[in-house]
Amino acid sequence: MLEIGDKMPEFTLQDQDGNTHCSSEYLGKKTVVYFYPKDSTPGCTAEACDIRDNYERFLSLGYNVIGVSKDSVASHRKFADKYSLPFTLLSDPTTEMLQAFGSWGEKKMCGKVSIGTLRTTFIFDENGIVVDVIKKVDTKNHTAQILK
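Everything in this summary refers to the structure shown in the same document.

Within the chain, the secondary structure is distributed over 5 helices and 9 strands. Reading the chain from its N end, one meets helices and strands in the order β-β-β-α-α-β-α-β-α-β-β-β-β-α. Over its C-alpha atoms the chain spans a radius of gyration of 14 Å, differing by no more than 12% from the 15 Å that the globule rule assigns to 148 residues. Across its three principal directions, the C-alpha atoms of the chain cover 40 × 35 × 30 Å. Looking at the 148 residues of the chain, the share that counts as buried comes to 49%. When contacts within the chain are restricted to residue pairs at least 6 apart in sequence, those whose partners lie at least 24 apart make up 62%. Surface exposure of the chain reaches about 7,400 Å², of which carbon and sulfur atoms provide 51%.

Burial within strand β9 (residues 130-134) is extensive, with 4 of its 5 residues counted as buried. Here strand β8 (residues 120-124) pairs with β9 via 4 bridges, running antiparallel. Within β9, the position partnered with Phe-122 by the bridge is Val-133. Adjacent in sequence and paired antiparallel, β8 and β9 are bridged by 5 residues, among which Gly-128 carries a positive phi angle near 75°.

It is worth spelling out the packing of aromatic side chains at this point. For the structure shown, the criterion picks out 13 aromatic pairs. For the pair Phe-58 and Tyr-63, a centre-to-centre distance of 6.2 Å together with 85° between the ring planes defines the contact as edge-to-face. Each of the two residues, Phe-58 as well as Tyr-63, counts as buried. An aromatic cluster is present here, built from Phe-11, Tyr-26, Phe-35, Phe-101, Phe-122 and Phe-124 joined pairwise through their rings. We note Lys-30 situated over the ring of Tyr-63; from NZ or CZ to the ring centre the distance is 4.6 Å.

This next bit is on the pairing of strand β5 (residues 88-91). Of the two faces of β5, the one lined by Thr-88 and Leu-90 and the one lined by Leu-89 and Ser-91 are each fully buried. For strand β1 (residues 12-15) and β5, the ladder comprises 2 bridges, and the chain directions are antiparallel. The partner of Asp-15 across the bridge, within β5, is Leu-90. Here strand β4 (residues 63-69) runs beside β5; their pairing, made up of 4 bridges, is parallel. Within β5, the residue paired with Val-68 across the bridge is Leu-90. For the crossover that starts at β4, traverses helix α3 (residues 73-83) and ends in the parallel β5, the hand is right-handed.

So, about the sheet that holds β9. A sheet is described by the order of its strands in space; here 7 strands give the open sequence β2-β1-β5-β4-β3-β8-β9, paired in mixed fashion. Among the strands making up the open sheet, the edge pair consists of β2 (20-22) and β9. Taking the axes of each pair of neighbouring strands and ignoring which way they run, one obtains an average angle of 30° across the sheet. Packing against the sheet, α3 makes contact with β1, β4 and β5, and its axis sits at approximately 155° to β5.

About the criteria used
- Residues numbered from 1 in each chain as written.
- Predicted model: local features only at pLDDT ≥ 70, side-chain atom pairs only at ≥ 80, totals over all residues.
- Heavy atoms only, no water.
- Helix = DSSP H or I, 4+ residues; strand = E, 2+ residues; numbered from the N terminus.
- Rg over C-alpha atoms; globule rule 2.2 N^0.38 Å.
- Buried < 20%, exposed > 50% of the residue type's maximum accessible area, 1.4 Å probe, protein only.
- Contact = heavy atoms within 4.5 Å.
- Areas by Shrake-Rupley, 256 points an atom, 1.4 Å probe, with all protein chains shown as cover.
- Pairing = 2+ DSSP bridges.
- Phe/Tyr/Trp six-rings, centres within 6.5 Å; stacked < 30°, edge-to-face > 60°.
- Lys NZ or Arg CZ within 6 Å of the ring centre and 35° of its normal.
- Right-handed = clockwise from strand over helix to strand, strands pointing away.
- Axes fitted to C-alpha atoms, helices over the stretch in contact; angles between N-to-C directions.

Any functional reading would require information beyond the geometric quantities listed.
Here you go:
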């Protein structure tokens, strides 16, 4: 998993509109990259809506916000439309970005072990360097964790 001081890994993925985004376009501005397991599930919806409700704060502080999951572009479009999400959602069906950031791996839920997305948030400075990592995400109050 990326740690404080690490550089943002290179990536090229499509967003909810089918537009291609690459890591280099996020240099020069602070960026929040949050990884979440699945569109339209209770925790992921609470997290996205908390960020949506505070999106103007992120913009006023000079942040890009990117949500990433392995869901498809079409699933992201439906999720963004249903909840009026104003930020970028990247589709990573191959888990290449998830793995590069260290947000793909073994997790336990209800005593069951599985491989999947590790809900994690990375905050990068203008140079693409990690300045904070949030591993224990409070989905309902995630903005407060990010902007502490």
